[in-house]
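# Results of the structural survey
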Amino acid sequence: MKKLGLLLSLLLIGTVAVHGQSNSGFGLRGGANLFTWGGSDVNSNDYNNRVGFHAGFYGNGFVSERFSIEPGLYYSVKGTQNDDMVNSRAVLDYVELPVLFRIYATDGVNLFFGPQASVLVGSSFEADALGNTYGWDTDNINDFDAAVVVGVGYNLPKGFNLQASYDFGINPVFKDSDASVYNRGFKLSAGISF
């Protein structure tokens, strides 16, 4: 809970700083996640992309005509699935705090990158058997996740925007383990700025 409070405090400070700048704003964004586990200890045949979602808000402040800083706060569902006999899957719920640096190639097209910190708020494993879904909570997942985010966005008229990004996880998924297993995946998003 302390970690979540720290993330919320950092976001509030970032949003206030961004909102204080001229030519700044805030918005809402959400979309689909396509995540799996990657790393040197992951056999790509074992895991497949799991569809999840993300939703939240962001602040965007222009430092110059073609460069802006965008802190955000999102709820995001990640994980992976295995098409084995019981269709097993991991469901990982996070509160994410990205800080994105946007470079505008044109008024519409922008490229972005930045760090992202995440706090785990729920984790479970699920499996289907005999026509039922069985699930159990796990405490084997790290409470904190970190990633580098890269992507491309496009600003539409009336404040609407679209973007595609990739989260490259750099903090191991499992606690008390030497396994090199990380959250890796794509996000497709739609948003509106006010």
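This text goes with the structure placed above it.
Residues numbered from 1 in each chain as written. Predicted model: local features only at pLDDT ≥ 70, side-chain atom pairs only at ≥ 80, totals over all residues. Heavy atoms only, no water.

A word on the nonpolar core. By size, the foremost hydrophobic cluster in this structure holds eleven residues: Trp37, Val42, Ala90, Leu92, Tyr94, Leu120, Phe125, Ile141, Val173, Phe174 and Val181. Contributions of two or more residues to this core are made by β4 (89–104) and β5 (109–129). Ignoring anything within four residues of it in the chain, the contact list for Leu120 reads Leu92, Asp93, Tyr94, Ile141, Asn142 and Asp143. (Core = buried A, V, L, I, M, F, W, Y, C linked by side-chain atoms within 4.5 Å. Buried < 20%, exposed > 50% of the residue type's maximum accessible area, 1.4 Å probe, protein only. Helix = DSSP H or I, 4+ residues; strand = E, 2+ residues; numbered from the N terminus. Contact = heavy atoms within 4.5 Å.)

The description of two aromatic rings rests on the distance between their centres and on the angle between their planes. Per the counting criterion, the structure on display carries seven aromatic pairs. Note on Trp37 and Phe174: the rings are 5.2 Å apart at their centroids and 75° apart in plane angle, and the pair reads as edge-to-face. Taken together, the residues Trp37 in strand β1 (residues 24–38) and Phe174 in the loop between β8 (160–169) and β9 (182–193) connect sequence positions 137 residues apart. We note that Trp37, like Phe174, is buried. Measuring from ring centre to ring centre gives 5.7 Å for Phe101 and Phe113, while their planes differ by 35°; the resulting arrangement is tilted. Taken together, the residues span a long stretch of sequence, with Phe101 in strand β4 and Phe113 in strand β5 at a distance of twelve residues. Since its relative accessible area comes to 40%, Phe113 is described here as partly exposed. Aromatic ring contacts, followed pair by pair, group Phe67, Phe101 and Phe113 into a single cluster. (Phe/Tyr/Trp six-rings, centres within 6.5 Å; stacked < 30°, edge-to-face > 60°.)

It is worth spelling out the layout of surface pockets at this point. Considering only enclosed or pocket space, the largest pocket measures out at about 390 Å³ in volume. In terms of lining, the largest pocket is formed by 29 residues, of which the most central are Asn60, Phe62, Tyr104, Asn155 and Ser193. Contributions of two or more residues to the lining of the largest pocket are made by β1, β2 (50–64), β4, β7 (144–155) and β8. Its residues assigned to classes, the lining of the largest pocket shows ten nonpolar, twelve polar and seven charged. (1 Å grid on protein atoms, 1.4 Å probe; cavity = no way out; pocket = protein on both sides within 12 Å on 5 of 7 lines; lining within 4 Å. Points joined across faces, edges and corners; volume = space filled by probe spheres on them. Nonpolar A, V, L, I, M, F, W, Y, C, P; charged D, E, K, R; others polar.)

Nothing here speaks to function; it is all geometry.
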